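Each chain, written out:
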Amino acid sequence: MTTITKDNITDSLLATVHPNGNSEAAQVIRENGFPTTKHEEYKFTNITKRIESKIQSFQQAKPLGLTQQDVSKAMIKDLDADVVVFNNGQFSAELSSLGEGYAVTNVTNSEAPFSIKDLYDDSYLALNKASFEKGVFIQVPKNKVLDKPVLLLNLVKANDGQLITPKLWIDCAENTEAVFIEQTVSQDEQAYLLNGSVEIKTASNSHIHYYRVQNQNNEALEVNNLLTDIHRDSTFTSFVLSLEGDMIRNNVTLNLLDSGCEGNMYGLYLLGGKTHVDNHTNVDHTKPHSESNELYKGVLADTSRGVFNGKIFVREDAQKTNAFQQNNNILLSDEATINTKPQLEIWADDVKCSHGCTTGQLDEEALFYLQARGIDKKQGKALLLYAFAGDVLEHLKIEAFKEYCIDLVQKKLGTNF
Amino acid sequence: MLSIKNLHASVEGTPILKGINLEVKAGEVHAIMGPNGSGKSTLASVLAGREEYEVTEGEVSFKSKDLLDLSPEDRAREGVFLAFQYPVEIPGVSSTNFLRTAVNQVREYRGLEPLDAVKFLSLMKEKMKLVEIDQKLLSRSLNEGFSGGEKKRNEIFQMAMLEPTLSILDETDSGLDIDALRIVSNGVNQLKSDNNATIVVTHYQRLLDYIVPDFVHVLYNGKIVKSGTKELAMELEEKGYDWIKEEADKATV
Ligand SMILES: Nc1ncnc2c1ncn2[C@@H]1O[C@H](COP(=O)(O)OP(=O)(O)OP(=O)(O)O)[C@@H](O)[C@H]1O
Ligand SMILES: [Mg+2]
């Protein structure tokens, strides 16, 4: 076991790159290294340093001896879904239960089906591409409407702080509809780095949802990249619920490549302890008549930290764009912080863009009103916070999943977190 | 039922209440009147347990318990109800959900079974009639976008739902037109019994034609400077507060 120092984290992580791995990606890492706070996009999220301080050696995590029973235990209650299992980051066909009418195939590192352009040359994304062992490619054929959601189950247990690298591609042909739900279940409370990426391509007139829940152990470090190319008349909706973890960085990029596209990004983070969650979103309007909606809300307690950065590009051609962005936060303690920043770059002249961010405290007046009616302080707080945050969940499509999220959120708000 | 002895309270270090004494017995109605800023709402808030107000001296017992020792929610559960002068708007919390939570937490404290959805709805229907409040109003967010009159009516509706033993109505009549005043007073009167008591804080003698007080107290500069019967309210209506202020100021010199 080697000890990582500031100088050799890049080398150590590079050592995990697959021998036949994506050499272009490895090159990005060699050139850029891993981001520090000097890096504009990582100004408030020093994840590289965090990784150095928590993880002593890097090694691609090996699959665990999991059984079907472990999978059943990790399922979301009442959710009727097809299941794609990642065993410590690697796709496991044996543990998965797939539905009919779409293809799920194993992808080795040398055969990436496609690559969506990343504007930022993010080294963690590059590391993901260069070092994953067994990824998955899901293809939804023309006119296919999936009758069940697909649950992407990450079962993880990385004792020595290993690197877990799930990798997923989704290609949705014309007139398709599908909901993907990603859930990570950690078998213990050890630190690990989960460095995942998902690349999604939709042809015209498809309706795709990608939901993610982050409620695993409080030592977890995570970087996630979700990159999408959306084509004509298609709607894409992302959602992320962040509840637990040590430090989490979520990058979401929606490339709206044609007219009639609708891109929606929703997020809810309820953070306590020292949890740090950074949501970086980009939506790129390139053609006329597209729309994007973005709503992120957060409640931060203790010494937790939130970062929201929302970029909206409206290219010269993208007339008649409607873009809406909102980020609202409640801080429950003096030591909790939020850094929120909208970034709008608008090159077209006939567009409707609105954005707003608010940061406030719990309304003490309202809390007293509830108490004066006999509601205890804890429950009063939970009622008020749910009233603030709950509307983000209204956008979820699958009833059982929505109930699951409502339950998680209410449980979290009902504790004095 | 309620016994206030030499109560002093401050806000941010400024004394507001300067030695209040008041005894309220079951079955009684007390009116508290007084010029703006004299401390009426402060007294009501201190009794309900608002945290910004610091009690610096004195004691308050309610049904032989030390009221000041209880959290605001426990005071409500013990039977203290404050109808707010300015009811708070709470977006995103439905009136029905809020009331059901409140009623059941109060019942739990009193050792009663929680009400199920059906029983709760029928109780609501019954009490809604009392203040002629519309179902539509209650399916909205709590007080959000309610008119002044609707908010006040909603306060009395909540009071009806919670069945308090001591109700403190802080200017529930202010801003009400005569129809609304009649409805609100009617509600209060119907809830009155030999076992509960009411304190009405008001500026207007008019209210006391509807809710007839047994005692009238004048609060001025943080103290009760005069007490009497409903005739005192008539006198105040006629002569204003200046003569009382003069009397009080003379007494303190
Ligand atoms: N939270 C507070 N912070 C600072 N000062 C306060 C606060 N609450 C009340 N005061 C002050 O205390 C005094 C008494 O106020 P209070 O609201 O009790 O009067 P009131 O008799 O109810 O008046 P009104 O007839 O206008 O309702 C006023 O001078 C007011 O400015
Ligand atoms: Mg007042």
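What you are looking at is a predicted structure, and each value in this text was computed from that prediction instead of being measured.

**Brief notes about the coordination of the magnesium ion (ligand 2)**
Residue and element names in this part refer to chain B.
Next, step 1: Distances from the magnesium ion (ligand 2) to its protein donors, namely S41 (OG) and Q85 (OE1), fall within the range 1.9 to 2.3 Å. One end of the pair, S41, is in helix α1 (residues 40-48); the other, Q85, is in the loop between β6 (80-83) and β7 (90-94), with 44 residues separating them in the sequence.
Next, step 2: Residue S41 is classed as partly exposed on the basis of its relative accessible area, which comes to 25%.
Next, step 3: The class of Q85 is buried, set by a relative accessible area of 16%.

**Notes on the sheet that holds strand β9 (residues 166-170) of chain B**
Residues and elements named next belong to chain B.
Next, step 1: A sheet is described by the order of its strands in space; here six strands give the open sequence β6-β9-β10-β3-β11-β12, paired in mixed fashion. Lying at the two open borders of the sheet, with one neighbouring strand each, are β6 and β12 (223-228). Sheet twist, expressed as the average angle between the axes of neighbouring strands with direction ignored, equals 20°.
Next, step 2: Where β9 meets strand β10 (residues 197-201), five bridges bridge the pair, whose relative direction is parallel.

**Section: the interface of chain A and chain B**
Next, step 1: With 16 residues of chain A at the contact, the number on the chain B side is 30 residues.
Next, step 2: Both faces considered, chain A and chain B share a buried interface measuring about 2,000 Å² in area, 61% of it formed by carbon and sulfur atoms.
Next, step 3: Counting across the interface, chain A meets chain B through four salt bridges.
Next, step 4: For the interface between chain A and chain B, the tally reads 13 residue pairs in polar contact (both at pLDDT 80 or more).
Next, step 5: For the side of chain A that touches chain B, the secondary-structure elements that each account for two or more residues are α6 (364-371) and α7 (377-389) of chain A.
Next, step 6: A total of six residues in the side of chain A that touches chain B trace back to one element, the largest contributor, which is α6(A).

**What about the side chain of N328(A)?**
All names here are of chain A.
Next, step 1: Among the structural elements, N328 can be located in strand β18 (residues 322-331).
Next, step 2: Classification of N328 as buried rests on a relative accessible area of 9%.
Next, step 3: Apart from the residues lying within four places of it in its own chain, the contact partners of N328 are L295, Y296, K297, G298, T358 and F388.

**What about helix α9 (residues 230-239) of chain B?**
All names here are of chain B.
Next, step 1: Every buried residue of α9 is listed here: L232, A233 and L236. Along α9, the residues classed as buried sweep out an arc of 100° about the axis, all on the same side. Of the exposed residues in α9, those oriented more than 90 degrees away from the buried face are E237 and E238.
Next, step 2: On its buried face, α9 is in contact with β3 (29-33), α8 (205-210), β11 (215-220), β12 and α10 (242-252).
Next, step 3: Phi turns positive, to about 75°, at G240, one or two residues after α9.

Scoring rules and cut-offs
- Residues numbered from 1 in each chain as written.
- Chains lettered and ligands numbered in written order.
- Predicted model: local features only at pLDDT ≥ 70, side-chain atom pairs only at ≥ 80, totals over all residues.
- Heavy atoms only, no water.
- Donors = N, O, S within 2.8 Å, 3.2 Å for Na, K, Ca; no water.
- Helix = DSSP H or I, 4+ residues; strand = E, 2+ residues; numbered from the N terminus.
- Buried < 20%, exposed > 50% of the residue type's maximum accessible area, 1.4 Å probe, protein only.
- Pairing = 2+ DSSP bridges.
- Axes fitted to C-alpha atoms, helices over the stretch in contact; angles between N-to-C directions.
- Contact = heavy atoms within 4.5 Å.
- Buried area = accessible area lost by both parts, 1.4 Å probe.
- Salt bridge = Lys/Arg side-chain N within 4 Å of Asp/Glu carboxyl O.
- Polar contact = N/O pair within 3.5 Å; in protein donor to acceptor, adjacent residues only side chain to side chain.
- Arc of directions from axis to C-beta.

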